[in-house]
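Next come the chains, spelled out residue by residue.
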Amino acid sequence: MCGIVGHIGPNNSIAVVLEGLKRLEYRGYDSAGVCFKKELGELDLHKKMGKVDNLKEAIAPLEVESHTCIGHTRWATHGEVNDLNAHPHLSDTITIDDDRSISIVHNGIIENHNELRLEIKAAGLKFTSDTDSEVFLGLMVIELLANVSLHDAVINSFKKIRGNSAFVIIMKGSREMLSIKRGAPLVCGVNIGSGEALVSSDPYALVGTADDIIFPEDDVLCSLSVEHEGLIKFYEMDKSESKRYKLKKQEMSLEISDKGDYEHFMLKEIYEQPHLIRALSQYYTLGPGKELLASIINESPKRIHIIACGTAWHAGLVIKNFIEKIARISCVVELASEFRYRDPILFTDEVGLFISQSGETADTLAAQALCKENGLKTFAIVNVEGSTLYRECDYNLLIKAGMEIGVASTKAFTQQALTGFLMTSAMSDTLNADNIAQKFSLLADRIQDLLDNVTNIKEIAEAIYLHKGFIFTGRGREYPIAFEGALKLKEIAYVHAEGYASGELKHGPIALIDDLMVNIALISDELYEKTFSNIEEVKARRGVIVTIGPENDKNAISLSDYYIPLCLEGLEELTPLYMNVATQLLAYYMAKFKGTDIDKPRNLAKSVTVE
Ligand code: AGP
């Protein structure tokens, strides 16, 4: 899930591309690079391991401008993280005459890269990196050595690769910037007034430059050139003119996302939750979302398949409880990465509900396509308006979380779950604006109380962060929060943590318990006694007990080594979302004590656009 950006036009393309890469760093930040045309068209490549700022520092002394530039910020799929494996890739000019040296950037995966690598080596070409992406460059060089046109070289090479991919290509002797994709996000943009054209893996990179954005479909060759009327042309693979693209006005605003007074985006986003919860209630009961909810009142599917990944999947587990308890509709929650490979049994009177912050997660998109092929209505609970998932689904329930910069999802989880609650209320025709406002406001108030009093959580984080491992447990509606709390801790503190249903511990995991293991136990009025007996089983084996549960609880006070008391009164089915904020804060402060990169944790990216 890399970020790719290309720009042509009278302004300094290098500056535009670097700014775009900065905005796309959430897609991956293992390395970054640019390749731009110098005065006489020769291609100049600069790339470095590490974040975009490293690259900016490296090229600042050049004090160079260009009017054609491509750039890339990488999340490594093939080949370790180093300078050589950074993109862009540049053809070695000795293999083709200088006028046809080419450079490419790639987002996605070339699944058949091994067999193609052999073919390219047999043609006498050498590789300078271990990446699958450089295989596409090699295929293009072979085509150009056979003296085909640049368009044919791209098309012929693209036909040979398998896997979801998007490419942007420039060649020294051509005024065109070409791009093509299949199964990976790609968006073009133009600003006729300023004579600029852009291409990227995310519309956000085009905000502030492009007035019109264009979403080409798969296998459409996009040609950007100042020589084209309208700056851009589209071709089918047979080189005929293509009309397979959607044009829309750029509506995304360039949210000036800065951390403000917060040390990390993640903390800022945790603290945004009370406000966002209230705004969501307004949006769907009194604002633009009201009509959409009204339109789904008559939807009464036989079954709902909730399909997502990671934190979104955990939100799906919470939403399943809402749907089954309130709407009494049968619900299954599926991991998107498993769903389509198990030949699922699907019926047209069922609904596919896809949950995704980015709307670009490859596994979730593929699952949605399968449901669509099988005639199911598809709903999205999604944050990014205009994302691929947003464009592909029949209904879009926006979670209105604003940009979530922290790779570890916090506010999006809460908004996803609450949007699911609203959807459920609509489907069960129990949507009452006052009731929703009261519930959401109470939740927001309680979360605000917690956010205003984090000293206890900070102290607990400092006391436990060096322990060997962490087992989060919960029952009933808190069970999903055990998973989500564990994931947050893994992601940002790099410690081993697992989420379990409390009743499951005795079926094996309790073997892990000793005085170096911490059980973070989520307790509410639901299955209270049973949950406490599970905690006592851990205590009996010298496990360290952290309870997150009802305030002034005598059992929690007597049994716990550490206790995070919460006022759960009146929250009822929204209780898990309150408790979850305590686990978000616990993970955040433990990571702070560990000194990790909380907003951009190692090995991760915000949007997983590869399978
Ligand atoms: C959450 O903290 C992680 N960053 C990850 O699990 C994420 O939720 C998952 O990749 C799904 O992303 P999406 O919501 O954009 O589809």
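Residues numbered from 1 in each chain as written. Predicted model: local features only at pLDDT ≥ 70, side-chain atom pairs only at ≥ 80, totals over all residues. Heavy atoms only, no water.

**Brief notes about helix α1 (residues 13-23)**
Here is step 1: Of all 11 residues that make up α1, eight are buried, and the element is covered over most of its length.
Here is step 2: Here α1 has its buried residues at Ser-13, Ile-14, Val-16, Val-17, Leu-18, Gly-20, Leu-21 and Arg-23.
Here is step 3: For α1, the elements touching its buried residues are β1 (3-8), β2 (31-37), α2 (52-59), β4 (68-74) and β10 (196-200).
Here is step 4: For α1, the side-chain oxygen to backbone nitrogen distance between the N-cap and Ile-14 is 3.0 Å, and the N-cap itself is Asn-12. (Buried < 20%, exposed > 50% of the residue type's maximum accessible area, 1.4 Å probe, protein only. Helix = DSSP H or I, 4+ residues; strand = E, 2+ residues; numbered from the N terminus. Contact = heavy atoms within 4.5 Å. Polar contact = N/O pair within 3.5 Å; in protein donor to acceptor, adjacent residues only side chain to side chain.)

**Considering the site of the ligand**
Here is step 1: Around the ligand, the structure places 15 residues, and the nearest of them are Ser-356, Gln-357, Ser-358, Thr-361 and Glu-491.
Here is step 2: In the model, an oxygen atom of the ligand is placed 2.5 Å from a nitrogen or oxygen of the Thr-361 side chain.
Here is step 3: Notes on the ligand: free accessible area 410 Å², of which the protein chains cover 91%.
Here is step 4: Contributions of two or more residues to the shell around the ligand are made by α9 (310-327) and α16 (479-493).
Here is step 5: Of the residues belonging to the shell around the ligand, the class tally is six nonpolar, seven polar and two charged. (Near = heavy atom within 4 Å. Areas by Shrake-Rupley, 256 points an atom, 1.4 Å probe, with all protein chains shown as cover. Nonpolar A, V, L, I, M, F, W, Y, C, P; charged D, E, K, R; others polar.)

**Here's the deal with the sheet that holds strand β24 (residues 562-566)**
Here is step 1: Taking strand neighbours across the sheet as the criterion, the five strands line up as β21-β20-β22-β23-β24 in an open arrangement whose pairing is parallel. The sheet terminates laterally at β21 (497-501) and β24, the two strands that pair on one side only. With strand direction ignored, the average angle separating the axes of adjacent strands in the sheet is 15 degrees.
Here is step 2: As paired strands, strand β20 (residues 469-474) and β21 are joined by five bridges and run parallel to one another. Residue pairing in the sheet places Thr-473 in a bridge with Tyr-500 of β21. (Pairing = 2+ DSSP bridges. Axes fitted to C-alpha atoms, helices over the stretch in contact; angles between N-to-C directions.)

**Observations regarding helix α19 (residues 575-594)**
Here is step 1: With 20 residues, α19 ought to run about 28 Å at 1.5 Å a step, and its terminal C-alpha atoms sit 29 Å apart, in line with that.
Here is step 2: Most of α19 sits inside the fold, with 17 of its 20 residues counted as buried.
Here is step 3: Just past α19, the residue Gly-595 takes up positive phi, approximately 75 degrees. (Expected span 1.5 Å × (residues − 1).)

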